[in-house]
Amino acid sequence: MNPTVSVFCAALAAMVLASGLSGQNFALAKPAAVGLDSALTAAAFRRAGELAPLNSLLIVRDGKLVGERYYRGLTRERAVNVKSASKSVLNALIGIAVQQGKLRLDQTVGEVFSADVTRELDPRTRVITIRQLMMMKAGLESTSFDNHGAWVNSRNWVRNALQRPFTCAPDTCMVYSTGNTHLLSVILTRATGLSTRDFANRYLFGPLGTQIGGWTRDPQGFYLGGNEMNLTPRQLLRLGQLYLDGGKANGKQLLTPEWIRDSWGEYATSPWNGHRYGLLWWSRNSGPYKVHFAWGYGGQFIFVVPELKLVAVMTSGLTASRNGRHNDALHRLVDEYIIPAVRDGLPSPESS
């Protein structure tokens, strides 16, 4: 083995073992033991260190942690604002509520909000479904991007989102909007009788062996659906592994495999980046492989590559402006280093 790679692996092993990761359901493995090229894996972490403002990279293959690095002052204990990667967390919460019989994806705005909220709405708004909100195909004008500031400064985020004009008819085009996911958070709270945060801690993060950090609330006290959630990179990694494992964690079936397949469907294509959208998850192709990903502003990512049994998490420091080049660089890190590091599938038990 290359001496540099050997030193890297030894340092990584010491770092991970010192962190007590075994109590977090990820066993430690050297890259070669799970079919990864050691030199290319080491190169991925070196390259990550060059990609400011990236501040973490974690890679798991076949349920085993092969690398965990923090940069630019981030530590493994510190939660970060994962921005719109929170939307994929919300996918899990909606899925759990559906399994509990608390929600149906065909329920409409008119069914789940009271008459005093819906009375003055455009009739088309009243028939928007939960599924259309999740696909970003509600058709309502976005509350994101240039409209975000006015929306969060309004006195009632729910009414503001529901009273926006239509960009297109429901189910006919993709309009990415955090207003949609905030409506989902409020719907979840009304249906379950628990705040979105309490529901998340009881039915998702609790079973995953952790608890959610800080999270913004609207003027009425509802947790902001799909944004401003604080999680550690390891918590993001757990979520990615849950989806890779068909919704099962610690012996419990938290989500059904059918829910995950539906969530990873491709129901819309973004007009501004070309990526496909499912139910609060993005997807794209990397060569012959399908990559599903949670994505937050500034470079917050969970990448899941089911065919390769691979999960990677990246977080970044938040900057004052959008940086598409940084996002592109993180996708290239997956395409040019992490995926190519996979060598001929997983090794046999005898060879590992």
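Analysis parameters
- Residues numbered from 1 in each chain as written.
- Predicted model: local features only at pLDDT ≥ 70, side-chain atom pairs only at ≥ 80, totals over all residues.
- Heavy atoms only, no water.
- Helix = DSSP H or I, 4+ residues; strand = E, 2+ residues; numbered from the N terminus.
- Contact = heavy atoms within 4.5 Å.
- Core = buried A, V, L, I, M, F, W, Y, C linked by side-chain atoms within 4.5 Å.
- Buried < 20%, exposed > 50% of the residue type's maximum accessible area, 1.4 Å probe, protein only.
- Pairing = 2+ DSSP bridges.
- Axes fitted to C-alpha atoms, helices over the stretch in contact; angles between N-to-C directions.
- pLDDT = per-residue confidence, 0-100.
- Expected span 1.5 Å × (residues − 1).
- Lys, Arg positive; Asp, Glu negative; His and termini not counted.
- Salt bridge = Lys/Arg side-chain N within 4 Å of Asp/Glu carboxyl O.
- Polar contact = N/O pair within 3.5 Å; in protein donor to acceptor, adjacent residues only side chain to side chain.
- Parallel < 35°, antiparallel > 145°, perpendicular 65-115°, else oblique.
- Left-handed = near helix turned anticlockwise from the far one by under 90°.
- Nonpolar A, V, L, I, M, F, W, Y, C, P; charged D, E, K, R; others polar.

Moving on: the side chain of serine 88. Within the secondary structure, serine 88 is located in helix α3 (residues 86–99). Once residues lying within four places of it in the same chain are set aside, the contact partners of serine 88 are Leu239, Tyr243, Leu280, Trp281 and Ala294.

With 111 residues, the main nonpolar core has Phe113, Leu204, Tyr243 and Ile338 as its most contacted residues. No other element matches the seven residues that α3 contributes to this core. Beyond its immediate sequence surroundings of up to four residues, tyrosine 243 is in contact with Ser88, Asn91, Ala92, Leu255, Trp259, Ile260, Trp264 and Trp281.

So, about the pairing of strand β3 (residues 64–70). Judged by how many residues are buried, β3 sits mostly within the fold: five of seven residues are covered. Relative to β3, strand β1 (residues 27–28) is paired through two bridges, and the arrangement is parallel. Note that in β3 the partner of alanine 27 across the bridge is lysine 64. A loop of two residues connects strand β2 (residues 54–61) with β3, the two strands running antiparallel in sequence, and aspartate 62 in this loop sits at a positive phi of about 55°.

The mixed open sheet is built from nine strands, whose spatial order is β1-β3-β2-β13-β12-β11-β10-β9-β8. What marks the edges here is a single partner per strand, and that holds for β1 and β8 (268–269). Together, β2, β3, β12 (300–305) and β13 (310–316) form the strand contacts of helix α12 (residues 233–244), whose direction differs from that of β13 by roughly 150°.

The next thing to look at is the confidence of the model for the chain. Across the chain, the average pLDDT comes to 91, with 89% of residues at 70 or higher. Residue range residues 1–23 is modelled with pLDDT below 50. Its contacts to residues more than four positions away, or to other chains, number 28 contacts.

To continue, consider the pairing of strand β10 (residues 282–286). Within a regular strand, side chains alternate between the sheet's two faces. Counting buried residues in β10 gives four out of five residues, a clear majority hidden from the surface. Both strand β9 (residues 276–277) and β10 contribute to a ladder of two bridges, which runs antiparallel. Among the inter-strand pairings, arginine 276 is bridged to a residue of β10, identified as serine 283. Joining the antiparallel neighbours β9 and β10 is a turn of four residues, in which leucine 280 adopts a positive phi near 70°. The pairing of β10 with strand β11 (residues 289–296) spans five bridges and is antiparallel. Its bridge partner being in β11, arginine 284 is matched across the sheet by valine 291. If you look at the hairpin formed by β10 and β11, you'll find two residues sitting between the two strands, and glycine 287 has a positive phi there, around 60°.

With 12 residues, α12 extends 16 Å from end C-alpha to end C-alpha; this agrees with the ideal 16 Å at 1.5 Å per step. Along α12, 12 of the 12 residues are buried, which leaves the element largely enclosed by surrounding structure. The complete set of buried residues in α12 reads Pro233, Arg234, Gln235, Leu236, Leu237, Arg238, Leu239, Gly240, Gln241, Leu242, Tyr243 and Leu244. Looking at the residues trailing α12, positive phi occurs at glycine 246, about 70°.

Within the element layout of this structure, aspartate 218 appears in the loop between α11 (196–205) and β5 (230–231). Within the buried core, aspartate 218 has no salt-bridge partner, and the shortest N-O distance to an opposite charge, that of arginine 217, equals 7.6 Å. A polar atom in the side chain of aspartate 218 sits 2.8 Å from the side chain of histidine 182. Setting aside residues no more than four positions away along its own chain, aspartate 218 makes contact with Trp157 and His182.

Turning our eyes to something else, we now look at the packing of α3 against helix α10 (residues 178–192). Their axes nearest at 11 Å, the elements α3 and α10 cross at an angle of 30°. Between α3 and α10, the interaxial angle falls into the category roughly parallel. Seen along the crossing, α3 lies across α10 with a hand that is left-handed. Across the interface between the two elements, Lys87, Leu90, Leu93, Ile94 and Ala97 from α3 touch Thr178, Thr181, Leu184, Ser185, Leu188 and Thr192 from α10. Residues belonging to the contact of α3 with α10 are distributed by class as follows: six nonpolar, four polar and one charged.

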